[in-house]
Amino acid sequence: MDTLSIALLLAGAGFAAGALNAIAGGGSFLTLPALLVAGLPPIVANATSALAVSPGYLGSTLGFRAELAQLPRRRLLRETLLSAAGGVLGALLLLVTPAEVFRGLIPWLLLFATALFLLGPWLARHLVAASASAEPRWRNPGLLAVATYGGYFNGGLGILLMALYSASGEKNLHSANALKNLNSLVLSLLSVLTFVLAGVIAWGPALLMMATATLGGYVGARHARRLSMRTVRAVVVCTGLVMSALFFWRG
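Remember, predicted model here, so these are calculated numbers, not experimental data. Residue positions within a chain follow its written sequence, with the count starting from 1. Totals for whole chains, interfaces and linings use every residue, but because this is a predicted model, local features are given only for residues with pLDDT of at least 70 and side-chain atom pairs only at 80 or more, for both listing and counting. Note that the side-chain values use all heavy atoms of the structure and ignore hydrogens as well as water.

## Comments concerning the overall build of the protein chain
Then, number 1: Scanning the protein chain from N- to C-terminus turns up 12 helices and zero strands.
Then, number 2: Contacts are assigned to residue pairs with any non-hydrogen atoms lying within 4.5 Å of each other. A separation threshold of at least 6 residues defines the contact pool for the protein chain, and within that pool the share at least 24 residues apart is 82%.
Then, number 3: Under the convention used here, a 1.4 Å probe and the Shrake-Rupley method define accessible areas, while residue burial counts only the protein chains that appear. Of the roughly 12300 Å² of accessible surface on the protein chain, 69% is carried by carbon and sulfur atoms. Runs of E in the DSSP output that reach at least two residues are strands. Runs of H or I that reach at least four are helices, and both are numbered from the N terminus.

This is the structure we're talking about:
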């Protein structure tokens, strides 16, 4: 592919990813494959993809300022520290993963994230119904594990966090959403900072995709109410399945 074609591919993927993330999530299904098609090594592509979609978490967190202000500060501090630690740990695990091993993991990770999107509503209903009123002891280690996954591979992170909060007794959906967005922002920033310090970010593609993802997020947010969540979820799942199949086929 020539330089112009690659730039158009990355810009289009960034815009579409921003729009998807604003509506339902799943933007990494587009950014990571586009960066790999553009010729970036697997580790660099994943790190660059994480940076490209990270600005969206800030806007989402700011949108839940009121809900966050109502939560105990000690709890917020504890969870942000766990998320930060998990983000760094996941990024470090990615950096020590051999490139060929990670390339082999990509279709499985995409498939896992796709399954999370497909089962998301079912998980939410059943976990809320089965959740206990008290916060279980496994919630903190569970958050650390999910944050580590998010630092390693971002796909399906929001659904995993919502499932964690539902299963651990979080009754208020808005509070769970606020915590999900805050923890996603923190672990994303720390994992990206780790990638920057390690020198594995491709800055040209990253900046281009960040700009178009921001624009896509704005457009997606404006038009989100015109689309049914069933339609959007179907698009995300189909995209994930197609990308998984392509990477399995490429071997």
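## A closer look at the pattern of salt bridges
Then, number 1: Think of a salt bridge as a Lys or Arg side-chain nitrogen and an Asp or Glu carboxyl oxygen that are within 4 Å of each other. Per the counting criterion, the structure on display carries two salt bridges.
Then, number 2: Salt-bridge contacts for Arg75 lead to Glu79; the nearest nitrogen and oxygen are separated by 3.6 Å. A residue pair is termed a helical-turn pair when its members lie 3 or 4 positions apart in one helix, as Arg75 and Glu79 do in helix H6 (residues 73–96) at four residues.
Then, number 3: For Glu79, the salt bridge is made with Arg139, and the minimal N-O distance between the two is 3.3 Å. Taken together, the residues span a long stretch of sequence, with Glu79 in helix H6 and Arg139 in helix H8 (residues 139–152) at a distance of 60 residues. Pair check on accessibility: Glu79 and Arg139 agree, each one buried.
Then, number 4: Linked by salt bridges that have partners in common, Arg75, Glu79 and Arg139 make up one network. For every residue, the accessible area obtained with a 1.4 Å probe (protein chains only) is divided by the maximum for its type, and the residue is called buried under 20%, exposed over 50%, and partly exposed between those limits.

## Overview of the packing of helix H3 (residues 42–53) against helix H10 (residues 173–198)
Then, number 1: One way to put it is that H3 packs onto H10 with a least axis distance of 10 Å and a crossing angle of 135°. In terms of orientation, H3 lies oblique with respect to H10. Both H3 and H10 take part in a crossing whose hand is left-handed. Across the interface between the two elements, Ala47, Ala50 and Leu51 of H3 pack against Ser188, Val192 and Phe195 of H10. Orientation is described by axes fitted as lines to C-alpha atoms, over the contacting stretch for helices, and by angles from 0 to 180 degrees between their N-to-C directions. An angle below 35 degrees is treated as roughly parallel, one above 145 as roughly antiparallel, one from 65 to 115 as roughly perpendicular, and anything else as oblique. For any helix crossing, the convention is left-handed if the near helix is rotated counterclockwise from the far helix by under a right angle, and right-handed if that rotation is clockwise.

## Some words on the nonpolar core
Then, number 1: Counting residues in hydrophobic clusters, the biggest one holds 65 residues, and the most contacted among them are Leu40, Phe102, Ile106, Leu110, Phe153 and Phe195.
Then, number 2: In terms of residue count, the dominant contributor to this core is H10 (nine residues).
Then, number 3: If near-sequence neighbours (up to four positions away) are discounted, Phe195 is found in contact with Ala47, Ala50, Ala91, Leu94, Leu95, Gly151, Val200 and Ile201. In this description, a nonpolar core means a group of buried Ala, Val, Leu, Ile, Met, Phe, Trp, Tyr and Cys residues linked to one another through side-chain atoms lying within 4.5 Å.

## What to know about the packing of helix H4 (residues 55–62) against H10
To characterise two packed helices, one gives the angle between the axes of the helices and the distance between these axes.
Then, number 1: Look at H4 against H10: their axes get within 8 Å of each other, and the N-to-C directions meet at 150°. By the criterion of interaxial angle, the relationship of H4 to H10 is roughly antiparallel. Both H4 and H10 take part in a crossing whose hand is left-handed. Contact with H4, carried on its side by Tyr57, Leu58, Ser60 and Thr61, involves Asn181, Leu182, Ser184, Leu185 and Ser188 of H10 and no other residues of that element.
Then, number 2: Nonpolar residues are Ala, Val, Leu, Ile, Met, Phe, Trp, Tyr, Cys and Pro. Charged residues are Asp, Glu, Lys and Arg, and all others, Gly as well, are polar. Here the residues of the contact of H4 with H10 sort into four nonpolar, five polar and no charged.

## Observations concerning the packing of aromatic side chains
Then, number 1: Two rings from Phe, Tyr or Trp (for Trp, the six-membered ring) form a pair when their centres sit within 6.5 Å of each other. Planes less than 30 degrees apart are called stacked, planes more than 60 degrees apart edge-to-face, and all others tilted. A complete count under the given rule lists four aromatic pairs for this structure.
Then, number 2: Considering the side-chain rings of Phe102 and Tyr152, the 5.8 Å spacing of their centres and the 75° angle between planes classify their relative orientation as edge-to-face. Of the two residues, Phe102 is situated in helix H7 (residues 99–130) and Tyr152 in helix H8; the sequence distance between them amounts to 50 residues.
Then, number 3: Judged by relative accessible area, which is 13%, Tyr152 ranks as buried.
Then, number 4: Consider the rings of Trp108 and Phe248, whose centres lie 4.8 Å apart with planes at 90°: the pair is edge-to-face. Within this pair, whereas Trp108 is found in helix H7, its partner Phe248 is found in helix H12 (residues 229–250), the two being separated by 140 residues in sequence.
Then, number 5: Aromatic rings pair up to connect Phe112, Tyr149 and Phe153 into one cluster.

## Thoughts on the environment of Leu35
Then, number 1: Along the chain, the position of Leu35 falls in helix H2 (residues 28–37).
Then, number 2: Expressed as a C-alpha distance, the spacing of Leu35 and Leu10, which sit 25 residues apart in the sequence, is 6.9 Å.
Then, number 3: Apart from the residues lying within four places of it in its own chain, the contact partners of Leu35 are Leu10, Leu40, Ala45, Thr48, Ser49, Pro205 and Met209.

## Observations regarding the UniProt feature "transmembrane region" (unreviewed entry) in the protein chain
Then, number 1: UniProt positions are given in the numbering used here, feature names are shortened, and annotations may be inferred rather than shown by experiment. The sites that carry the UniProt feature "transmembrane region" (unreviewed entry) are, in the present numbering, residues 32–59, 80–99, 105–123, 143–165, 185–210 and 231–249.
Then, number 2: Along residues 143–165, the helical share is 83% and the strand share 0%, with 9 Å between the first and last C-alpha atoms.
Then, number 3: For the annotated span residues 185–210, helix accounts for 85% and strand for 0% of the residues, and the straight-line distance between the end C-alpha atoms is 15 Å.

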